[in-house]
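Given next are the chains, with one letter for each unit.
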Amino acid sequence: MDDRTSSGGQLFGVDRRVLALALARMADAVGNSFLIIVLPLYVASEAVGGRIFGVPASMVAGVVLALFGIASSIAQPLAGRLSDRAGRRKIFVIGGLVVLGAINLAFAAATAYWHLFVLRVVQGLAAAFTITASLAIVNELSDAGSRGGNMGVYNSFRLIGFGAGPLLASVLLEMGPFTMPGGAEVTGFEATFAVAAATAFLGTGLVGVLVQDPEGTAPTERRLALRVWDRSGSGWRLDTIFALGVATLIMASCMALLSAIEPEVNARLGQGPFLFAVEFVALIAALAALQPVVGRASDRMGRKWFIVLGLVGLVPTTLLQGVVGAPWQMIVVRMLQGGAGALVFAPALALAGDHTEQGQSGAQLAVLTVAFGLGISSGQLMAGFFVSFGFIVPFGIGSLLAVGAAVLVGTQVDEAEPAPSAA
């Protein structure tokens, strides 16, 4: 795997091309994260409607949010395999961003729930190509001594954009409607969809100008190497990449529980959309701040036990979200949960990258990106369904799953061969 790395110069200890891709993805992440805040409120508004057959609005919102992750997760192995076979990554990133921008605009024209369902599915399919190709580029620009740091920086920039989006979206919603030159009125929803589209198109331009395919990337004809079981040693154990995928799924589901139940959270804590956005962003801020540090530390100290420690940390920080009774308490707990997630996220991606085979980065790393998307979707669905049994119930389930994930990684994941630290 290390022979795929080529020198592109470094800035702050990170390959300049990784920074360029991270900057481009940060711009598009701003727009994508708008929808986490906007769509549940859009479903609850009079702008869209439809027959829901007795299903509560929170469940409809959960389905709308989850469809993105479900569609993206189904498509990502194929998208990653296609970029492996083509030996090209950049064109897949650009194509996905263009479609994402167009879909963001189309939300403003939706009038029925089924419109939102269709748009979210198409959006998820487009994101599959962007996600897998971007991560493969970062992996192929890294070696075992720098992969953790590069993954951490890439995720950090992307999360900064993802965290800034909800704050801006909440401001637009609370300030709207807007009167445009000529007297036309634009609702807060329409304004957020337009800005979301603009950021996706900005990301497209940045990728086109700043990012190139890694020099060592070439088309592959090798068979797809995705495994559940590792039979290379004594006895049967889970394949390391698959086990990391399961852990990533549980981590993501714990972090996503809050997003689908915004109305319930706001009613419980006596707050509005802005404070909910701050609570949402608190986790993202902690993830973004800590991942580069944790990633570089994992390059020097090994990755597995960072992941285990992070999963253990998710247990109390997830459960406490179902107990707190004030906005400031939720903000603190979300920051602590973000810190626990940072111990998992970059080291898991880097350890999976350490285990990928030549010409298989797109498909094999898709195991973790699929798991992350499914985790977000499962967390949103779980929260939307189980919150009706008691506010604490979905958070209690998430904390129990985190216990199982910690045991799984501790017993089933193999550390890669040690490599020298990045210079």
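Here is what the cut-offs are and how they apply
Along each chain, numbering runs from 1 in the same order as the chain's sequence is written. A pLDDT threshold of at least 70 governs which residues receive local features in this predicted model, and a stricter bar of 80 or more applies before side-chain atom pairs are shown or counted, although totals over entire chains, interfaces and linings include all residues. Remark: hydrogens and water are excluded; side-chain values derive from all non-hydrogen atoms of the structure. Helix and strand definitions here come from DSSP, where helices need a minimum of 4 consecutive H or I residues and strands a minimum of 2 consecutive E residues; each element is numbered from the N-terminal end. We call a residue buried when its accessible area falls under 20% of the maximum for its residue type, exposed when it is over 50%, and partly exposed in between, using a 1.4 Å probe and counting protein chains only. Charge convention: Lys and Arg are scored as positive, Asp and Glu as negative, and His as well as the terminal groups of each chain are ignored. Salt bridge, as used here, is a side-chain nitrogen of Lys or Arg placed within 4 Å of a carboxyl oxygen of Asp or Glu. Contacts are residue-level and defined by heavy atoms, with any inter-residue pair within 4.5 Å sufficient. To obtain each axis, a line is fitted to C-alpha atoms, and for helices this fit is confined to the stretch in contact; angles are then taken between N-to-C directions over 0 to 180 degrees. Should an angle lie under 35 degrees it is considered roughly parallel, over 145 roughly antiparallel, and from 65 to 115 roughly perpendicular; all remaining angles are considered oblique. Note on convention: the crossing is left-handed when the near helix lies turned anticlockwise from the far helix by less than a right angle, right-handed when the turn is clockwise. Each residue gets one label: Ala, Val, Leu, Ile, Met, Phe, Trp, Tyr, Cys and Pro are nonpolar, Asp, Glu, Lys and Arg are charged, and the others, such as Gly, are polar. Take the buried Ala, Val, Leu, Ile, Met, Phe, Trp, Tyr and Cys residues and link them wherever side-chain atoms come within 4.5 Å; each set so joined is a nonpolar core. What pLDDT conveys is the predictor's confidence in a given residue, as a value from 0 to 100.

1. Some details on the side chain of Glu262
Link 1 in the chain: For Glu262, the location among the structural elements is in helix α8 (residues 262–269).
Link 2 in the chain: Put simply, Glu262 is tucked away with no salt bridge, and the nearest opposite charge, on Arg334, sits 11 Å away.
Link 3 in the chain: When sequence neighbours within four positions are dropped, the list of residues in contact with Glu262 reads Ile37, Pro40, Leu41, Pro273 and Phe276.

2. Description of the environment of Ile70
Link 1 in the chain: Among the structural elements, Ile70 can be located in helix α2 (residues 57–86).
Link 2 in the chain: Look at Ile70 and you get partly exposed, because its relative accessible area is 30%.
Link 3 in the chain: With residues near it in sequence (within four places) discarded, Ile70 still touches Ser377 and Leu381.

3. A short note on the packing of helix α3 (residues 90–106) against helix α4 (residues 113–140)
Link 1 in the chain: Look at α3 against α4: their axes get within 8 Å of each other, and the N-to-C directions meet at 150 degrees. Taken together, the axis directions place α3 and α4 in an arrangement best described as roughly antiparallel. Once α3 is placed against α4, the crossing between them reads as left-handed. Contacts between α3 and α4 involve Lys90, Phe92, Val93, Gly96, Leu97, Val99, Leu100, Ile103, Asn104 and Ala106 from the first element and Leu119, Val122, Gln123, Ala126, Ala127, Phe129, Thr130, Ala133, Ser134 and Ile137 from the second.
Link 2 in the chain: The class makeup of the residues in the contact of α3 with α4 is 14 nonpolar, five polar and one charged.

4. Some details on the nonpolar core
For soluble globular proteins, nonpolar side chains are generally found buried alongside one another.
Link 1 in the chain: Residues Leu39, Phe107, Leu116, Phe193, Leu244, Ile307 and Leu311 are the most contacted members of the largest nonpolar core, which totals 101 residues.
Link 2 in the chain: Per element, the largest residue contribution to this core is 14 residues, and it comes from helix α1 (residues 16–44).
Link 3 in the chain: If near-sequence neighbours (up to four positions away) are discounted, Phe107 is found in contact with Leu35, Leu39, Tyr42, Leu116, Leu119, Arg120, Gln123 and Phe193.

5. What to know about the confidence of the model for the protein chain
Link 1 in the chain: Per-residue confidence for the protein chain gives a mean pLDDT of 82, with 87% of residues at or over 70.
Link 2 in the chain: The spread of mean pLDDT over the elements of the protein chain runs between strand β1 (residues 10–11), the lowest at 58, and helix α10 (residues 304–319), the highest at 96.
Link 3 in the chain: Throughout residues 418–423 the model reports pLDDT below 50, and contacts reaching past four residues in sequence, or to other chains, amount to nine contacts.

6. What to know about the packing of α3 against helix α6 (residues 188–210)
Link 1 in the chain: Between α3 and α6, whose axes approach to 7 Å, the crossing angle comes to 165 degrees. In terms of axis orientation, α3 runs roughly antiparallel to α6. Classified by chirality, the crossing of α6 by α3 is left-handed. Contacts from Lys90, Val93, Ile94, Leu97, Val98, Leu100, Gly101, Ala102, Asn104 and Leu105 of α3 reach α6 at Phe193, Ala194, Ala196, Ala197, Ala200, Phe201, Gly203, Thr204, Val207 and Gly208.
Link 2 in the chain: When grouped by side-chain class, the residues that make up the contact of α3 with α6 number 14 nonpolar, five polar and one charged.

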